[in-house]
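Residues per chain are reported as follows:
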Amino acid sequence: MAQYKARPDVSERMKGNKYRLNKSPSNKKHSVNESYFHVIDDEKKAYYLGLVAADGTVNLNDGYRFAISLNDKHILDEMLSDIEYTGAIRGGVNKAGNRYYTLYLSDKIFVMNLVDKGIIPRKTHNMCIPDLPSKLIRHYIRGYLDGDGYISNGKLFCVGVAGQKNIIQWIADHLVSQGVIKSNGIHVHTKNKPDGLWVLKRSQYQARKVCEYIYHEANRYLTRKHNKYMEYCHAV
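Residues numbered from 1 in each chain as written. Predicted model: local features only at pLDDT ≥ 70, side-chain atom pairs only at ≥ 80, totals over all residues. Heavy atoms only, no water.

Let us look at helix α2 (residues 43–55). Over its 13 residues, α2 extends 18 Å from the first C-alpha to the last, a length consistent with the 18 Å expected when each residue adds 1.5 Å. The set of residues buried in α2 consists of E43, K45, A46, Y47, Y48, L49, G50, L51, V52, A53 and A54. Check the buried side of α2 and you find it contacts β1 (56–59), β2 (65–70), α3 (73–82), α4 (108–116) and α5 (137–148). At the N-terminal boundary of α2, the capping side chain belongs to D42, with an oxygen 3.2 Å from the backbone nitrogen of K44. (Helix = DSSP H or I, 4+ residues; strand = E, 2+ residues; numbered from the N terminus. Expected span 1.5 Å × (residues − 1). Buried < 20%, exposed > 50% of the residue type's maximum accessible area, 1.4 Å probe, protein only. Contact = heavy atoms within 4.5 Å. Polar contact = N/O pair within 3.5 Å; in protein donor to acceptor, adjacent residues only side chain to side chain.)

What follows is the structure, given as structure tokens:
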């Protein structure tokens, strides 16, 4: 049986990391539903938690700050509305000339609720498995895939997701337990990194089964990735 990194309490997660907890509340210019991530009890929260696990960051050294940047503005607009944030989404252009958008806020309770769910500084090498009701895991996986995965409809229809070994293995094991894929095999993509980048990839029929599973009863997703799945469905 695979061994996963459990969700230790906040103080345990802080050990060995070179940052401190800011003792004073952050200075807020805008309001937010700071308790939004206190309990993950619906599809939207589970989806956003997966998306944040893949692409979000928190900073505890310089106030309590949260940020997430994506190329797809529509999902950040939806997140901004759902968390009831009164600030604005920022836009920019990276060195490659690609447009990106950032949702950035500073709120102690909001950030510490994310920390409690395993979203901590330098989480790339310290990823924790989320403690979620089984019925919400599909939505977390969809969020994680929207952040660190892909759906392609070329010569083969493929679905893939990449990340730290323990989170990718957990996703694979869950999909097997639900009868979505046949085996929990994953492979290392970058051996030269300290922890490596691990990938779960499936194609054709099993890729379609993955999409059927993660998009079931879905109201939040990246349109461009969902469209790849729909294009494949209409072609077969």
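The four strands are arranged β5-β6-β8-β7 in an open sheet whose pairing can be described as antiparallel. Every other strand in the sheet has two partners, leaving β5 (149–153) and β7 (187–188) as the edge strands with one partner each. The sheet contact formed by β7 and strand β8 (residues 198–203) spans two bridges and is antiparallel. Residue pairing across strands places V188 opposite W198, the latter belonging to β8. In this fold helix α7 (residues 204–214) packs onto β5, β6 (157–163) and β8, with an angle of close to 65° to the strand it touches most, β6. (Pairing = 2+ DSSP bridges. Axes fitted to C-alpha atoms, helices over the stretch in contact; angles between N-to-C directions.)

It is worth spelling out the sheet that holds strand β4 (residues 99–106) at this point. The strand order β1-β2-β4-β3 describes an open sheet built from four strands, whose pairing is antiparallel. The two strands at the open ends of the sheet, each matched to only one other strand, are β1 and β3 (90–93). The average angle at which neighbouring strand axes cross in this sheet is 25°, direction not considered. Contacting β1 and β2, α2 crosses the sheet at an angle of about 85° to β2. The sheet strands contacting α3 are β2 and β4, and the helix crosses β4 at an angle near 20°.

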